Amino acid sequence: MQVPFSGGCTCGAIRYECSSIPAFSWNCHCQDCQRASGSAFCPVLYVPRMALTIRGKSKYYDVRVESGNKVSRGFCPECGAPVFIQAELVPDLQGLWASSLDDPSQFQPSIQVWTRSAQPWDCLHPTLPRVEKAPTEKQMHELLTPRK
Ligand SMILES: [Zn+2]
Ligand SMILES: [Zn+2]
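Below: a short report on this structure. (Residues numbered from 1 in each chain as written. Chains lettered and ligands numbered in written order. Predicted model: local features only at pLDDT ≥ 70, side-chain atom pairs only at ≥ 80, totals over all residues. Heavy atoms only, no water.)

## With respect to the sheet that holds strand β6 (residues 59-64)
What links the strands of a sheet is backbone hydrogen bonding, and the strands pair in either a parallel or an antiparallel sense.
Next, step 1: The mixed open sheet is built from seven strands, whose spatial order is β6-β7-β8-β9-β4-β3-β10. Among the strands making up the open sheet, the edge pair consists of β6 and β10 (111-113). Recorded for the sheet is a direction-independent mean angle of 30° between the axes of neighbouring strands.
Next, step 2: Alignment of strand β8 (residues 82-87) against strand β9 (residues 93-97), held across two bridges, turns out to be antiparallel. Across the sheet, residue F84 finds its bridge partner in β9, namely L96. (Pairing = 2+ DSSP bridges. Helix = DSSP H or I, 4+ residues; strand = E, 2+ residues; numbered from the N terminus. Axes fitted to C-alpha atoms, helices over the stretch in contact; angles between N-to-C directions.)

Take a look at the structure:
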């Protein structure tokens, strides 16, 4: 992924720029992501908070998700577009919805999680590793360790 990269909501009230490559990127198929997205799954990239510059004010909605962790989803109060995700699991990182990128084709998920909750009409990625539920601590550690 090329840095810096930028993105925002549909109406332009929220804009962000990021100076770091993502720490990890995934497709989450949990039921909560389905409800929040109105679709089959959430494609999200997580970046270091420090690397992110945000303009505009998002509205946040907190939920306790299937794994028991708290997740806050940030969306634009004007157009309703989902832009941000903050997960208790990774407090130093900020999640960005892939669809909010100015160039969403740059998104490169490395894993798909909560595939057990995927709908029968969902299309899972044919080659990406699958995790049935939330990733374990070990899987999370592997995800966050840069590959050589
Ligand atoms: Zn907006
Ligand atoms: Zn999810």
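## A few points about the side chain of Q94
Next, step 1: Considering the arrangement of structural elements, one finds Q94 in strand β9.
Next, step 2: Residue class for Q94 comes out buried when judged on its relative accessible area of 2%.
Next, step 3: Those residues in contact with Q94, other than ones at most four positions away along the chain, are L45, Y46, V47, R49, L52, Y60, F84, I85 and Q86. (Buried < 20%, exposed > 50% of the residue type's maximum accessible area, 1.4 Å probe, protein only. Contact = heavy atoms within 4.5 Å.)

## A short note on the sheet that holds strand β2 (residues 15-18)
Next, step 1: A sheet is described by the order of its strands in space; here three strands give the open sequence β1-β2-β5, paired in antiparallel fashion. Each edge of the open sheet is held by one strand with a lone partner, namely β1 (5-8) and β5 (52-55). Across the sheet, the mean angle separating the axes of adjacent strands is 15° when strand polarity is ignored.

## Re the packing of aromatic side chains
Next, step 1: The final tally for this structure, using the stated rule, is four aromatic pairs.
Next, step 2: Note on Y16 and F84: the rings are 5.8 Å apart at their centroids and 55° apart in plane angle, and the pair reads as tilted. Here F84 lies in strand β8 and Y16 lies in strand β2, a separation of 68 residues in the sequence.
Next, step 3: Looking at F84, the relative accessible area reads 0%, which means it is buried.
Next, step 4: Of the aromatic side chains, those joined through ring pairs into one cluster are F24, W26 and Y46. (Phe/Tyr/Trp six-rings, centres within 6.5 Å; stacked < 30°, edge-to-face > 60°.)

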